[in-house]
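Take a look at the letters that make up each chain.
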Amino acid sequence: MDTEAARQPSQDGKLPHDVMGDVLRFLRMRRYEPGERLPSERELADRFGVSRNTIREVLSTLEWFRMVERRPSSGVFLSREATDPSLEALVMASGLDIDLDEREVMQSMETRYLLEMQAIRLCCERRTDQDLERMKHILEATASCIREGGNVADLDCAFHLAIVMGTGNDVLVRVVKPFYLLSGKRRTIYFTDARRAKRSLSDHRKLVEAIEAKDSQAAAQVLGSHLGNVERHWRDALMPAVRVRS
């Protein structure tokens, strides 16, 4: 689905972007099994109060993400990828304000941790003066944002991606970036607490010092603690039963 087109109202006055979210929430609530036939285009159009053309556009996008499959003369069926979605599909759902479940949240953080711990080591080896200047500029902007009472979520994202960019590996940047798209909403909530923002800024300054000194061991130690604090926060927030048992 073209991003711009998804933001333009259809003939029935509804945004395809919003209808997509409605359809995905319906599929999740209904708990269709892989291979199960979905309602027809007409039935879905009636359910969501939109035209069949709008539903057809939504289903085409879901087919592109391999979440549904069309079978000639049979209809549309849920594919295996819908219950074991690709990273791209998870990012799409997150962009539609469909929250990840607790397992997906924890696993995405675990994967991000593994990727960033390797990235910080490579960054210490390969960073350029330009990379350092980019990080220091973000630190200054973050400090200013905190003083003004703003939310540093976007700056936090920019800083961590700047570290990955410092590896000089463009493919790694592309791999890591979706995990920040997935966590955007949680990150904004996390940084509503100014104390967390200040603690994060302090950690980021330590990271820049270690990267500038090319001290990969110190950088990895700071980053491991930094990411671990965030993971523990969300583990406690999302999985209280686990905290009680442990």
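The structure this text deals with has already been given above.
Residues numbered from 1 in each chain as written. Predicted model: local features only at pLDDT ≥ 70, side-chain atom pairs only at ≥ 80, totals over all residues. Heavy atoms only, no water.

*Asks:* So what exactly am I meant to see when it comes to the overall build of the protein chain here?
*Replies:* From N to C terminus, the protein chain includes 13 helices and two strands. With 246 residues in all, the protein chain has 45% of them scored as buried. Taking contacts inside the protein chain between residues at least 6 apart in sequence as the whole, the part at least 24 apart equals 66%. Of the roughly 13800 Å² of accessible surface on the protein chain, 48% is carried by carbon and sulfur atoms. (Helix = DSSP H or I, 4+ residues; strand = E, 2+ residues; numbered from the N terminus. Buried < 20%, exposed > 50% of the residue type's maximum accessible area, 1.4 Å probe, protein only. Contact = heavy atoms within 4.5 Å. Areas by Shrake-Rupley, 256 points an atom, 1.4 Å probe, with all protein chains shown as cover.)

*Asks:* Help me understand the pairing of strand β1 (residues 68-71), please; the structure alone is not making it clear to me.
*Replies:* The side chains of a regular strand alternate, residue by residue, between the two faces of the sheet. Pairing between β1 and strand β2 (residues 75-78): four bridges, direction antiparallel. Pairing of Glu-69 across the sheet is with Phe-77, part of β2. Count of turn residues in the β1/β2 antiparallel hairpin: three residues, of which Ser-73 carries a positive phi of about 65°. (Pairing = 2+ DSSP bridges.)

*Asks:* Mind showing me how you'd approach the nonpolar core here?
*Replies:* Across soluble globular proteins, nonpolar side chains have a tendency to be buried as a group. Residues Ile-120, Met-135, Phe-159, Ile-163, Leu-207 and Ile-211 are the most contacted members of the largest nonpolar core, which totals 34 residues. Setting aside anything within four residues of it in sequence, one finds Leu-207 in contact with Ile-120, Phe-159, Ile-163, Ala-219, Val-222 and Leu-223. Formed by 21 residues, the second largest nonpolar core is a distinct cluster that contains Leu-24, Val-50, Val-58 and Val-68. (Core = buried A, V, L, I, M, F, W, Y, C linked by side-chain atoms within 4.5 Å.)

Such coordinate-based values are descriptive only and should not be taken to indicate function.
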